[in-house]
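# Report on the structure
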Amino acid sequence: MSIAERYEEIAHCNRCGFCQAACPIFRSTGHEAGVARGRLALLRALIEGRIEWSPELEAPLYTCLLCGACTSNCFPAIATGELVVQARAEYLQKVGRTSIHRLLFDRLLPHPRRLHLAARAAALGKNSGASRLARALGLLRVFGPDFAHAEEIVDSLPTQPLRVRYPEGIYPGQGAGPAVAYFVGCGVDVVQTAAGAATLKLLRRHCSSVQVLGTNCCGLPAFSYGDREAARRLAAKNLEILAATGAAAVVTDCSSCAGFIKSYPRLFSGGHPLSAAARAAAARTQDASEWLQSAPPAESGRLRGRRVTFHDPCHAVRGQGILSEPRRLLQRQPGATFVELAEADWCCGGAGSYALSHYELAMRVLDRKMENLKKSEADLVVTTCPACILQLAHGVRRHGLAVEVRHLTEVL
Amino acid sequence: MIPKTLLLELRRIVGERHVAESRTAAELYSYDGSLAKGPPAAVVFPADARETALVVKAACRAAVAFAPRGFGTNLSGGTVLPYGGLSICLTRLNRIRSIHPHNRTAVVQPGVTNLELQNALAPLGFFYAPDPASQKVATLGGNVGENSGGPRCLKYGVTTNHVLGLEAVLSGGEVVRLGGPAHDPPGYDLRGLLIGSEGTLAVVTEVTVRILPRPEQVLTQLVVYDDVRAAAQSVADIIAAGIVPATLEMMDAPIIRAVEESLACGYPRDAAAVLIIEVEGPAAGLARQAERIRALCAANGCREVRAAGSAAERNRLWEGRRGAFGAVARLAPNYLVNDCTVPRTRLPEALAQVAAIARKYGFDHGNVFHAGDGNLHPLILFDSRDPDQLTRVHAAGWEIMRACVALGGTISGEHGIGMEKKEAMRLVFSDDDICVQRSLQQAFDPLGVLNPGKLFPETATEFADKPHAIWAGADDLLSAAERETAVAVKAALADGSALRVEGAGTAGPFGNLPARPLAPLATGRLDAIVAVDPANQVVTAGAGVRLGVLQAALAAHNQFLPLRPALGLERRSLGGIAATGGCGPERLHYGAPRRLLLGLRFVDGRGRLINAGGQVVKNVAGYDLTRLIAGSAGTLGVITRLTFRTATRPERCALLSAVGGLEACEAVARQLLGSDIGAVFAAAAPAADASAWRLLIGFEGFAETVAAQLRRAEEFCRRARLAAVTATDYDAVSGAFAASYAGIAGRPFILRAGAPADRAAAAAELIQPYAACGALLVEFGFGRVMAGSNGLGLADWRRLSGGLHALAGHILLETAPVEFKRENDVFGAPQPEWRLMHRVKETLDPHGLFAPGTLPGSGPQGAAR
Ligand SMILES: Cc1cc2nc3c(=O)[nH]c(=O)nc-3n(C[C@H](O)[C@H](O)[C@H](O)COP(=O)(O)OP(=O)(O)OC[C@H]3O[C@@H](n4cnc5c(N)ncnc54)[C@H](O)[C@@H]3O)c2cc1C
């Protein structure tokens, strides 16, 4: 589908500029290329023939975090993120697609085992300092020149991915709750394994049994990149696995995965043979913070004396409309003081692999987040997305803050 | 196209990545919030004032045009480049430099958004009054460029009333400071001229703003109507009743529906119109104001009044108002917004005419606007992809402007002229008026590189077919005397004499010693009161009318002009008051004369009658000549008529006085002024006992409110252990300072000093040794000291002048003996901005007709430079 088909929507941008208010990229660059109004103006200019598809469009299209803040500030609620993703797809077709990202989306992400291999190589390199993470974790090379900084972001890598520790299969639980299935996101699998382990523990405490699914990447990175077909291939495989599980609920501790699975029906819309399966999967999927509402964990007391705040992942707050759930859980923790973070729902700049591909920009976005974190005087910031955790932890180190960064399931 | 060498230089100045030059960049910077388009050849993002100056210098050297740009949300095409050139984007200058709660100022860079400033002030209990609906995406630089207003401006005034100082880069690259943290520096109000000049006079790199303590209470009401006329009539009635709400906003049915659809704010979807009315201030008596408003709305048959019960409810009501423009974007791809202003009493007619015009051109439209100011915002819905619609919509816009001007209004209340309304300037200004404004532009920008193609009609003939100016108006009581004045000026021009404009003759000659002998030009015959319009709270009168006479005429309507010039009071002429900026400590609350002036007419140095401003409370059409001429002390022309806004007479004016040391008085004043008590002034004068001072705090308004304010102020005084705390009432016209003025008047030297508010006491201490007994008055709110002195030597004057500058203030002599003036500049040590004033004088008075040599910097010290 060409972007021209969405002319009507694009023409509804009145250039009032309100999207500038909360666009993290615009607020750090001040450049019109980095905000919805500008991106829509370019799409309109493309449609009206004033400009042509060219590499000049790469930055305006690919610097978007897809965080959705512009749409929240837009009265006609133009879904700029969606339009950008669609334009990326057309960009790939018309301007080109590199062999490296073909490697990523076609060869690596669909195969957890290959991913593990790459990660393991990376971990060895990182932890021993022998070789650069950059070189080892070949999949990241796709992200271009800023990539040299990738290894600064990832502090240390666990040597054993979560899926190796907890291979696919059914694990008995100690609780009385109904059986659930656990969807392991790539970030949790290879980087945030501690969060994954904590989630699994919580799930097992409350449920009669927990099935660790043999799913692959949810498809979001490919989709965001503009490779809709790759995303569909990844999603199709997941749908097959989800359809086969008997569990009532599919829980994931990655808000990005949860948000994207919930949008599978859009990925397979328009009478696609998989649309029914997509709807069923979307209906069953729960973000960990949602599932935790129905199964309130025992108050651990682990947060006694702590000053806690919460960072909203874009894919939770705008992607799924999750706002009060995690806060409610944290506020209930005995002895903990919950403080609201200013601009809590602003993107941290992690945005999946964004920080790896646009390091400098991402750091400027992150600096703003860190300023707010400093002002909150919290000593613990909690969130529910692995990319956010990676990014926030990097920010805390960069700014020398004494703040711990944790996944929600790790602190309950 | 732009020379390669310039590009190289720009990259060197700001760094490679802060220059954008590509097809996409040109596309991205070709628009703003308006319908105008014009792609720049390159965009440059300087980091600070220094880089900005270098960029400007480079562009000027290459003779490449440029336009300053903030967030590009203006609605008049102010930032697009019709002739190509450079877009200078100031978004990287985005730091709040400092906030000074003690002297109630803040210093910000132009790329800071209005909301960011508000958010920084809120925790300190302060706010910045101008609040454009676009505040989250409108920069202070843009606010200054457009002289932006907002809902709250009904009560507090627009940007120009809240900016004290600017740092700006002039054409050529020179950086100047205009004004500063101290109020009313000597000479012309160039800061006022720059505000609203839409980036055509200079590039602003720093803004010093006035901030205010948050009011004690805000009451918000939503009034629902089944009939638009009834809503418009309610607005007119509220104003006529003399209530000054903080905001009075209106939305009609199409807007209500659009807003409700995008974001449920709780407006009834079937209403024909709603008003959002807010009153704010001291809690005592506020409920009664809200009640009176309810009664007036009910009398007009409103359906329902809802009061916002909580901050959250209030926010929800405002969310919808702020987002109304955007919400309209749901209804059609584009909208054209007009922002004509009409006298408030003409709102019902104006709305009816707008509706008829939209219908005639086949467009849907909606209204969402600052009703209390009479500032319309009809949004006409169309699709810019259809060229026919585009032509028709512009025609409709033109007709709406014509209709509003015919109703006594103007073409723009706050969005500016830019590209979109430049031809409409002819509706409100004569060729001569436009010529004078243009000459000012040339004085500032001889190269013509600063935002060219804006504000002014291109050529005289281009729009010759357009229906011509409505401004001229019919002859009135004053016209004959005005023409006589112009003839007298021309005669002087012919025989080569120089003139001293004389008002009532109550004040001595102002300024430095003239360069040549001056022949008096009397204004006594300009003595007609042309129109008293109590319902709109506006009055127009001749420059020779004495204040007392005008006050008597207004008293009949329970109104007054809230000006109490320090010397001469009611005996002074309106022209004299305006020309010298005469006002007393009440300026803190009511503002200087220029704040109350809506427009004026004057005879310029070529003998032409020139119009400035208009008759309406909000007006950004063209340069703010009103501000330039007011305060020019008869050196730029002869003011012939003035239009002022008036106010309802306060029910009660009362003064709390208390005695203590200067430090204690100052401390109490500071606490009071930083609180939400709402004082009209906080001044002090030496008491009979030499070491003690008498603190004087004034309150004016509803009796109930004043009583509560007095009680609170008393509490402040007692806690500080001030003695002899007493309250006395005073007259609204003659004020509370007769005793001090009597002590000052008639002295051979009369001094006026300004300092940042928190240094007013220090300034008073500095001046006291030179003041005669009982001839000193200090005001803490805006930092002014007035004093009379019997003798001042050369060394004394140097010391005073140097001392005040060390306090970041200034001092001038309103009166001084001729012998003294021979040796001294009565405005003190020379300031860089004075050079610019001389340039302005040479432009408007090329033959040196009006009091030549009296300007700051013309005295012996200045001449020596
Ligand atoms: C939905 C919507 C609602 C609005 N509501 C209001 C309202 O309630 N009240 C109101 O007054 N306006 C309103 N506006 C208009 C607009 O937001 C204001 O004019 C605002 O002040 C512009 O700020 P900006 O940063 O976008 O300036 P820009 O559009 O970038 O610039 C505005 C003008 O100022 C000049 N300029 C900018 N920076 C500088 C500088 N540093 N030095 C010199 N000149 C400079 C530019 O050359 C231009 O002429 C609204 C606009 C929109 C889209």
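Residues numbered from 1 in each chain as written. Chains lettered and ligands numbered in written order. Predicted model: local features only at pLDDT ≥ 70, side-chain atom pairs only at ≥ 80, totals over all residues. Heavy atoms only, no water.

Regarding its fold elements, chain B presents 30 helices and 35 strands. The C-alpha atoms of chain B give a radius of gyration of 26 Å, which matches the 29 Å a tight globule of 865 residues would have. Referenced to the eigenvectors of the C-alpha coordinate spread, the extents of chain B come out at roughly 75 × 65 × 55 Å. Counting the 865 residues in chain B, one finds 64% classified as buried. Restricting the contact set of chain B to residue pairs at least 6 apart, pairs at least 24 apart contribute 75%. Summed over all atoms, the accessible surface of chain B reaches about 28300 Å², with 53% contributed by carbon and sulfur. Looking at charge distribution, chain B has the averaged site of its 87 positive side-chain charges lying 3 Å from that of its 83 negative ones. (Helix = DSSP H or I, 4+ residues; strand = E, 2+ residues; numbered from the N terminus. Rg over C-alpha atoms; globule rule 2.2 N^0.38 Å. Buried < 20%, exposed > 50% of the residue type's maximum accessible area, 1.4 Å probe, protein only. Contact = heavy atoms within 4.5 Å. Areas by Shrake-Rupley, 256 points an atom, 1.4 Å probe, with all protein chains shown as cover. Lys, Arg positive; Asp, Glu negative; His and termini not counted. Charge placed at Lys NZ, Arg CZ, Asp CG, Glu CD.)

This part covers the sheet that holds strand E4 (residues 86–89) of chain B. Residue and element names in this part refer to chain B. Spatially, four strands are ordered E1-E2-E4-E3 in an open sheet, and the strand pairing comes out mixed. Lying at the two open borders of the sheet, with one neighbouring strand each, are strand E1 (19–20) and strand E3 (66–69). Sheet topology note: the E1/strand E2 (residues 42–44) ladder contains two bridges and is antiparallel. Paired with Ala 20 across the two strands is Val 43, which belongs to E2. (Pairing = 2+ DSSP bridges.)

As a matter of local geometry, the ligand sits amid 36 residues, with B:Pro68, B:Gly70, B:Thr73, B:Ser134 and B:Thr139 nearest to it. The ligand sits at the junction of chains A and B, each of which supplies nearby residues. One of the side-chain N or O atoms of B:Ser134 is found 2.6 Å from an oxygen atom in the ligand. Within the backbone of B:Gly149, one N or O atom sits 3.0 Å away from a nitrogen atom of the ligand. (Near = heavy atom within 4 Å. Polar contact = N/O pair within 3.5 Å; in protein donor to acceptor, adjacent residues only side chain to side chain.)

Turning our eyes to something else, we now look at the packing of aromatic side chains. Taken as a whole, this structure holds 18 aromatic pairs over all chains when the rule is applied. When the centroid spacing of 6.4 Å and the interplanar angle of 80° are considered together, the rings of A:Tyr264 and A:Phe268 count as edge-to-face. Considering the side-chain rings of B:Phe681 and B:Tyr730, the 6.2 Å spacing of their centres and the 40° angle between planes classify their relative orientation as tilted. With a gap of 49 residues between them, B:Phe681 in strand E29 (residues 681–686) and B:Tyr730 in the loop between strand E31 (723–729) and helix H25 (738–744) connect regions that are remote in the sequence. Across the pair, B:Tyr730 and B:Phe681 agree in class, each one buried. An aromatic cluster is defined as three or more aromatic residues linked by ring pairs; in this entry it consists of A:Phe223, A:Phe260, A:Tyr264 and A:Phe268. Directly above the aromatic system of A:Tyr7 lies the positively charged group of B:Arg385, at a separation of 4.6 Å from the ring centroid. Geometry around B:Phe716 places B:Arg719 over its ring, the cationic atom sitting 5.5 Å from the centre. (Phe/Tyr/Trp six-rings, centres within 6.5 Å; stacked < 30°, edge-to-face > 60°. Lys NZ or Arg CZ within 6 Å of the ring centre and 35° of its normal.)

Within the largest apolar cluster, 180 residues are counted, with the highest numbers of intra-cluster contacts made by B:Ile411, B:Leu628 and B:Phe780. A per-element tally of this core places helix H14 (residues 387–406) of chain B first, with eight residues. Contact partners of B:Leu628, with chain neighbours within four places excluded, come to B:Tyr188, B:Leu190, B:Leu193, B:Leu440, B:Leu636, B:Val840 and B:Leu844. If you look at the next biggest cluster of nonpolar residues, it comprises 32 residues, including A:Ala197, A:Phe338, A:Val382 and A:Leu408. (Core = buried A, V, L, I, M, F, W, Y, C linked by side-chain atoms within 4.5 Å.)

Before going further, it helps to spend a moment on the side chain of B:Glu27. With respect to the helices and strands, the residue B:Glu27 is situated in helix H2 (residues 23–28). Apart from the residues lying within four places of it in its own chain, the contact partners of B:Glu27 are A:Ala41, A:Leu42, A:Ala45, A:Arg50, A:Ile51 and B:Lys37.

Between chain B and chain A, the residue contacts involve 42 residues of the former and 34 residues of the latter. A combined buried area of about 3200 Å² lies between chain B and chain A, and 52% of that area is made up of carbon and sulfur atoms. For the chain B face of the interface with chain A, the top three residues by lost area are B:Leu28, B:Tyr31 and B:Arg385, together amounting to 19%. Summed over the shared surface of chain B and chain A, the result is five salt bridges. Residue B:Glu27 pairs with A:Arg50 through a salt bridge whose shortest N-O separation is 3.0 Å. At the surface where chain B touches chain A, the tally comes to 18 residue pairs in polar contact (both at pLDDT 80 or more). Tallying contributions element by element places H2(B) first for the side of chain B that touches chain A, with four residues. Per-class residue counts for the side of chain B that touches chain A are 16 nonpolar, 14 polar and twelve charged. (Buried area = accessible area lost by both parts, 1.4 Å probe. Salt bridge = Lys/Arg side-chain N within 4 Å of Asp/Glu carboxyl O. Nonpolar A, V, L, I, M, F, W, Y, C, P; charged D, E, K, R; others polar.)

Before going further, it helps to examine the pairing of strand E12 (residues 217–225) of chain B. Residue and element names in this part refer to chain B. Of the strand pairs in this sheet, E12 and strand E14 (residues 273–281) are connected by nine bridges, and their pairing is antiparallel. Counterpart to Thr 220 in the pairing with E14 is Glu 278. With four bridges joining them, E12 and strand E15 (residues 304–307) adopt antiparallel strand pairing. Opposite Gln 221, over in E15, you have Ala 307 as the bridge partner.

When two helices pack together, their arrangement is captured by the angle between the axes and the distance separating the axes. Residues and elements named next belong to chain B. Axis separation between helix H26 (residues 760–767) and helix H27 (residues 794–806) bottoms out at 10 Å; the angle between their running directions is 170°. By the angle between their directions, the pair H26 and H27 is classed as roughly antiparallel. Between H26, through Ala 763, Leu 766 and Ile 767, and H27, the contact on the second element is made entirely by Leu 800, Gly 803 and Leu 804. (Axes fitted to C-alpha atoms, helices over the stretch in contact; angles between N-to-C directions. Parallel < 35°, antiparallel > 145°, perpendicular 65-115°, else oblique.)

Moving on: helix H6 (residues 80–94) of chain A. Residues and elements named next belong to chain A. Relative to the 21 Å expected for 15 residues at 1.5 Å per residue, H6 spans 20 Å between its end C-alpha atoms, a close match to the ideal helical length. Buried residues dominate H6, accounting for twelve of its 15 residues. Every buried residue of H6 is accounted for by Thr 80, Gly 81, Leu 83, Val 84, Val 85, Gln 86, Ala 87, Arg 88, Ala 89, Glu 90, Tyr 91 and Leu 92. Positive phi shows up at Gly 96, right after H6, with a value of about 135°. (Expected span 1.5 Å × (residues − 1).)

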